[in-house]
There are 2 protein chains.
Amino acid sequence: MADEVIVLDHEHSPPANRVRIALKEKGVAFVSKQEDLPNKKSSLLLEMNPVHKQIPVLIHNGKPVCESLIIVEYIDEVWNDKSPLLPTDPYERAHSKFWADYIDKKIYTSGRPVLTTKGETQAAAMKELISSLKILDAELGDKPYFGGKTFGITDIAFIPFYSRFYTLEKFGNLSMNEECPKLVAWGERCLQRESVSTTMRNQYETYDFMLEIRKKLGVE
Amino acid sequence: MADEVIVLDHEHSPPANRVRIALKEKGVAFVSKQEDLPNKKSSLLLEMNPVHKQIPVLIHNGKPVCESLIIVEYIDEVWNDKSPLLPTDPYERAHSKFWADYIDKKIYTSGRPVLTTKGETQAAAMKELISSLKILDAELGDKPYFGGKTFGITDIAFIPFYSRFYTLEKFGNLSMNEECPKLVAWGERCLQRESVSTTMRNQYETYDFMLEIRKKLGVE
C-alpha cells in the first residue's frame, strides 16, 4: 500500500516550505492542505497538533509529526533510500543540526521584529539580523551548500528566508549582495533545484505579502 | 586510545546537567570544567562556542559540540552500544524530540519570567508555566518515563527542571503534588537513577540559588 502523506500547510510559511522541499528532494508524493491562517485553524490541525496548534504538520499514514526541523529529520529517516538530508557521521550531523537550530533562533525568531516593527526598533533589529546573517555567510564560505557538496537540512532550514532578502533590502535600504554575497550566490544556486523553485514564492511577491502583514498588524 | 571527553559546565545549569546525565547513562568518563558564570567566560569556551558563547559544550577528542539537546543526540549516536537515549523507530524518535523541544520552548524559555520577575507579571508567568506543566503531566500519564519503560532524551531534557519544583511552590504558593502529581512521582523515580542523583542539586539548594540570582538581577 502506498504511503499517504499530507502536509497541513500555508504557501508563505517558511517552516511549511521546509517540509515541502524535503519531501520533493526525496521524491515523495504528498497532498498539501492549505490552512486559512490566521483566520481559522481547521479542526484537522487542532486534532493533529493540539499542543502548538501550528503548521506545518506532516501526517504520514494518519500519524502526525510536528515542528519543521523534526519533520525534516523524520522524512530523512523514513525515506532513507535516496537524497540524504543529514550526514551519517555523528559529528557532521551535530554540526548540521547546530546551524539549522541557529537559523531558527537567530534568523527567524530574533529577526521577526524587522518585519513587525518600525523606526528605531526596526533599525536596531535589522542591525542585529544582518550581523547574524554575516555569521551564516562566513559559515557557508566557499562551499556550494552548508554541508559541503550536498544540499541538506541546514540549506532546507534557511532557504525559505532567502525569499525575504528583497524585503530586507527595502526595509533596511541596503544591498544583500554587499552584506552577504555568499548567501546570495547560494540562494540563487538553491533556486536551480526543482524542489526549491517549485516551492518558494519570489522575492517581490514575498515583499507584497510582508507589506500586507504589516498593514494587518497596524505597523504601516 | 581512550576518548577524551570534556564538558564546559556549570553545576546549576539545566542544559549542562542534561549533558552530564547523558554521559553517565552511557558510562562515559569525562572531565567537567566549571565556568565562572556570569562573571567571566573562559577563553576555551569562547574558542569552542564562538557563536553562542554558552555552556554546555561537549569537547570530544578536541572537537566541540554545542546546544544541549544536540549534544544528547550526539552522545546517543557515538556511544551506541548501551542505554539508548532515543528510540530507533522514526515516528517514536520524532515524538521524543517533539517533547524535548516542547520542554525547551514552553518550560525553560517561557518559564524564565517566573524566576526573574515579581508581582503580577510573575503571577501571570506562573499561571502559564503551570498550564504548560499540566500538558507535560498529561503526556507522561501512567508511563514510568516519557518514552515508556526506558529513560530517554525527554526525561533528560526535563529532569533538571525538577530541582526547581520547590522554588515554584514557594514563589506560587502552591503544591506541585496537587498541580502535577505524575511529574512529581516521575521526578522521584528519576532520582533513583545514579546518573540523576549524582548530577542534580537538591530542591532547597536550588531555591537558595534562585534567590541569589534574583538578588543579583535586582528583583528582590
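Residues numbered from 1 in each chain as written. Chains lettered and ligands numbered in written order. Predicted model: local features only at pLDDT ≥ 70, side-chain atom pairs only at ≥ 80, totals over all residues. Heavy atoms only, no water.

**Quick word on the relation of the copies chain B and chain A**
Then step 1. Rotating chain B by 180 degrees and translating it 0.0 Å along the rotation axis places it on chain A, where the RMSD comes to 0.0 Å. Considering both components of the superposition, the chain copies are consistent with a two-fold axis.
Then step 2. Taken together, the interface assignments show that 100% of the residues at the interface of chain B recur at the interface of chain A, consistent with an identical surface on both copies. (Least-squares fit on C-alpha atoms with pLDDT ≥ 70 in both. Contact = heavy atoms within 4.5 Å.)

**Overview of the UniProt feature "domain: GST N-terminal" (unreviewed entry) in chain A**
Then step 1. Here, the residues flagged by UniProt with the feature "domain: GST N-terminal" (unreviewed entry) are residues 3-83 of chain A.
Then step 2. Along residues 3-83 of chain A, the helical share is 37% and the strand share 21%, with 18 Å between the first and last C-alpha atoms. (UniProt positions renumbered as here; feature names shortened; annotations may be inferred. Helix = DSSP H or I, 4+ residues; strand = E, 2+ residues; numbered from the N terminus.)

**Re the packing of aromatic side chains**
Residue and element names in this part refer to chain B.
Then step 1. Evaluated as defined, the whole model comprises 30 aromatic pairs over all chains.
Then step 2. Pairing F158 with W186 gives two aromatic rings, centres 5.3 Å apart and planes at 25 degrees, and the pair type is stacked. Placement of F158 in helix α6 (residues 153-162) and of W186 in helix α9 (residues 181-190) is noted, with a sequence separation of 28 residues between them. One exposure class covers both F158 and W186, and it is buried. (Phe/Tyr/Trp six-rings, centres within 6.5 Å; stacked < 30°, edge-to-face > 60°. Buried < 20%, exposed > 50% of the residue type's maximum accessible area, 1.4 Å probe, protein only.)

**What to know about the pattern of salt bridges**
Then step 1. Applying the stated rule across the entire model yields 27 salt bridges over all chains.
Then step 2. Between E73 of chain A and K97 of chain B there is a salt bridge; the shortest N-O distance is 2.5 Å. Here K97 of chain B lies in helix α4 (residues 90-116) and E73 of chain A lies in helix α3 (residues 68-78), a pairing that spans two chains. Residues E73 of chain A and K97 of chain B agree in their burial class; the two are buried.
Then step 3. Across the pair D104 of chain B and R18 of chain B runs a salt bridge, and its minimum N-O distance is 2.8 Å. In this pair, D104 of chain B is assigned in helix α4 and R18 of chain B in helix α1 (residues 14-26), connecting sequence segments 86 residues apart.
Then step 4. For D104 of chain B, a relative accessible area of 26% translates into the label partly exposed. (Salt bridge = Lys/Arg side-chain N within 4 Å of Asp/Glu carboxyl O.)

**Brief notes about the sheet that holds strand β3 (residues 57-60) of chain A**
Residues and elements named next belong to chain A.
Then step 1. If you trace the four strands from one edge of the open sheet to the other, you get β2-β1-β3-β4, paired in mixed fashion. In the strand order of this sheet, the two ends are held by β2 (31-34) and β4 (63-66), each with one partner. For this sheet the average axis-to-axis angle between neighbouring strands, irrespective of direction, equals 25 degrees. (Pairing = 2+ DSSP bridges. Axes fitted to C-alpha atoms, helices over the stretch in contact; angles between N-to-C directions.)

**Notes on the interface of chain B and chain A**
Then step 1. Tallying the contact residues gives 25 residues for chain B and 25 residues for chain A.
Then step 2. Summed over both sides, the interface between chain B and chain A buries roughly 2200 Å², with carbon and sulfur atoms accounting for 68% of that surface.
Then step 3. Joining chain B to chain A, the criterion identifies eight salt bridges.
Then step 4. Between K97 of chain B and E77 of chain A there is a salt bridge; the shortest N-O distance is 3.5 Å.
Then step 5. Counting across the chain B and chain A interface gives eight residue pairs in polar contact (both at pLDDT 80 or more).
Then step 6. Those elements that place two or more of their residues in the side of chain B that touches chain A are β4 (63-66), α3 (68-78) and α4 of chain B.
Then step 7. No other element matches α4 of chain B, which puts eleven residues into the side of chain B that touches chain A.
Then step 8. Residues of the side of chain B that touches chain A, tallied by class, amount to 14 nonpolar, two polar and nine charged. (Buried area = accessible area lost by both parts, 1.4 Å probe. Polar contact = N/O pair within 3.5 Å; in protein donor to acceptor, adjacent residues only side chain to side chain. Nonpolar A, V, L, I, M, F, W, Y, C, P; charged D, E, K, R; others polar.)

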